[in-house]
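This is what each chain is made of:
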Amino acid sequence: MKQLELLYEGKSKLIYATDSAERVVVRFKDDATAFYNIKRAKIENKGKMNCTISSQILAFLNANGVDTHFVEQVDQTSQLCKVVEHMPFEVIVRNIIAGSMARRLGIEEGVIPENTIFDLCLKDEELGDPLINDHHAVALGIATYEELVKIYEISARVNKLLTELYASVGIRLVDFKIEFGRATDGALVLADELTPDTCRIWDAETGERMDKDRFRRDLGRVGETYQEVAHRICNALNK
Ligand code: UDP
């Protein structure tokens, strides 16, 4: 597969065309951003670490019956992925209360709810990625009720698989964000990355944060911690 022109540059990734109309190359950058680009930095080797973590996890999901956009890792910072039409919302899955939910509802971080929580957020930075519900999504024409049923089913399956995977390497999966898209054959697939930038993961023994909160909250040792996550995930999945 030949990599061709740059199609899009995002905050943490570059997307290139290829000689196939059904494939793109996704390249991970070292840039870290938070709070809608107000906080910015370069973290050495983050691109490599996130590409490795996301490739390993997406291959694991593909192998366990969750269709994703991931085809293969092509080099240390790049993945070959299916071309997808991204659905303009994020699904956030929460096992432990943290972040915006803790702030918004005045709940202490670390509280474990009785049920898994699924949030939908519209991807619109000017509006601050607002929380929406199923009826809003249907009214906005961005998903049908039938698609939403499937999306929650897939999100729950991803949560089960990832919770077990992280637990096997001594990590608690607090919450994570996923996105969906429609592939060129119309199939609903999980798209985008699954990395410490898009989840909250806490060391099961020490409670230490092993995700982007280290960057957001100036906790230090961002690169070292991402490296530790990559190391544990690779060890677990390449046995
Ligand atoms: N998240 C993300 N991208 C977003 C918003 C959230 O990857 O645009 C992830 C975030 O890293 C966390 C989870 O989704 O793991 C829940 O985020 P939350 O709503 O608590 O927002 P935050 O406080 O992180 O802004």
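Here we summarise the structure given alongside this text. Source: prediction; values computed, not measured.

### A few points about the packing of helix α1 (residues 46–63) against helix α6 (residues 222–237)
The relative placement of two packed helices comes down to the angle between their axes together with the axis-to-axis distance. Between α1 and α6, the least distance of the axes is 9 Å, while the angle of their chain directions is 30 degrees. Between α1 and α6, the angle is such that the two are roughly parallel. Regarding α1 and α6, the two cross each other, and that crossing is left-handed. Seen from α1, the contacting residues are Lys46, Met49, Asn50, Thr52, Ile53, Gln56, Ile57 and Phe60; seen from α6, they are Gly223, Tyr226, Gln227, Val229, Ala230, Ile233, Cys234 and Leu237. Grouping the amino acids of the contact of α1 with α6 by side-chain chemistry returns ten nonpolar, five polar and one charged.

### Structural notes on the state of the cysteines
Here the structure, examined in full by the defined rule, presents zero disulfides. Considering cysteine sulfurs only, Cys81 is the nearest to Cys51, which forms no disulfide, with 8.7 Å between them. Of the residues examined, Cys51 reaches a relative accessible area of 0% and is grouped as buried. For the unlinked cysteine Cys234, the closest cysteine sulfur is that of Cys51, found at 11 Å.

### Topic: the side chain of Lys46
Examined against the element boundaries, Lys46 turns out to sit in helix α1. Lys46 gets classed as buried once you look at its relative accessible area, which sits at 2%. Within the structure, Lys46 has its side chain in polar contact with the backbone oxygen of Asp31 (distance 3.2 Å).

### A short note on the nonpolar core
Judged by nonpolar contacts, the single largest core of 40 residues is most densely connected at Ile57, Leu61, Leu162, Tyr166 and Leu194. The set of elements that each furnish at least two residues to this core consists of α1, β8 (84–94), β9 (117–122), α4 (145–168), β11 (171–183), β12 (188–191), β13 (199–203) and α6. No other element matches α4, which puts seven residues into this core. Excluding anything up to four places from it in sequence, Leu162 contacts Ile57, Leu61, Leu173 and Leu194. The next biggest cluster of nonpolar side chains, apart from the first, holds seven residues, and it includes Ala34, Ile43, Met49 and Phe215.

### Overview of the sheet that holds strand β3 (residues 23–28)
With respect to topology, five strands assemble into an open sheet ordered β1-β2-β3-β7-β6, the strand pairing being antiparallel. Each edge of the sheet is formed by a strand with only one pairing partner; in this case those strands are β1 (3–9) and β6 (70–75). Each neighbouring strand pair of the sheet contributes to a mean axis angle of 30 degrees, computed without reference to strand direction. Judged from the four bridges that link them, β6 and strand β7 (residues 78–82) form a sheet pairing that is antiparallel. For Gln73, the partnering residue across the bridge sits in β7 and is Gln79. Sheet contacts for α1: β3, β6 and β7; angle to β6, the most-contacted strand, approximately 150 degrees.

### A few points about the pattern of salt bridges
Pairing is possible between side chains that carry opposite charge, provided their charged atoms lie close to one another. One pass over the full model with this rule turns up 26 salt bridges. Lys177 is paired through a salt bridge with Glu179; the nearest N and O atoms lie 2.7 Å apart. Pair check on accessibility: Lys177 and Glu179 agree, each one buried. Across the pair Asp213 and Arg217 runs a salt bridge, and its minimum N-O distance is 3.6 Å. On the basis of relative accessible area, Arg217 is assigned to the partly exposed category, the value being 34%. Shared partners join several salt bridges into a network, and the residues in it are Arg94, Glu109, Asp119, Asp175, Arg200, Arg209, Asp213, Arg216 and Arg217.

### Section: the site of the ligand
Residues in contact with the ligand amount to 15 residues; listed here are only the nearest, Arg94, Ser100, Asp175, Arg200 and Arg216. Taking Ser100, its side chain carries an N or O atom lying 2.5 Å from an oxygen atom of the ligand. In this structure, an oxygen atom belonging to the ligand sits 3.2 Å away from a side-chain N or O atom of Arg103. Here the ligand loses 80% of its free accessible area of 500 Å² to cover by the protein chains. Going through the elements one at a time, β8, α2 (99–105), β11 and β13 are the ones with two or more residues in the shell around the ligand. Of the residues contributing to the shell around the ligand, the split by class is three nonpolar, three polar and nine charged.

Cut-offs applied
- Residues numbered from 1 in each chain as written.
- Predicted model: local features only at pLDDT ≥ 70, side-chain atom pairs only at ≥ 80, totals over all residues.
- Heavy atoms only, no water.
- Axes fitted to C-alpha atoms, helices over the stretch in contact; angles between N-to-C directions.
- Helix = DSSP H or I, 4+ residues; strand = E, 2+ residues; numbered from the N terminus.
- Parallel < 35°, antiparallel > 145°, perpendicular 65-115°, else oblique.
- Left-handed = near helix turned anticlockwise from the far one by under 90°.
- Contact = heavy atoms within 4.5 Å.
- Nonpolar A, V, L, I, M, F, W, Y, C, P; charged D, E, K, R; others polar.
- Disulfide = S-S within 2.5 Å.
- Buried < 20%, exposed > 50% of the residue type's maximum accessible area, 1.4 Å probe, protein only.
- Polar contact = N/O pair within 3.5 Å; in protein donor to acceptor, adjacent residues only side chain to side chain.
- Core = buried A, V, L, I, M, F, W, Y, C linked by side-chain atoms within 4.5 Å.
- Pairing = 2+ DSSP bridges.
- Salt bridge = Lys/Arg side-chain N within 4 Å of Asp/Glu carboxyl O.
- Near = heavy atom within 4 Å.
- Areas by Shrake-Rupley, 256 points an atom, 1.4 Å probe, with all protein chains shown as cover.

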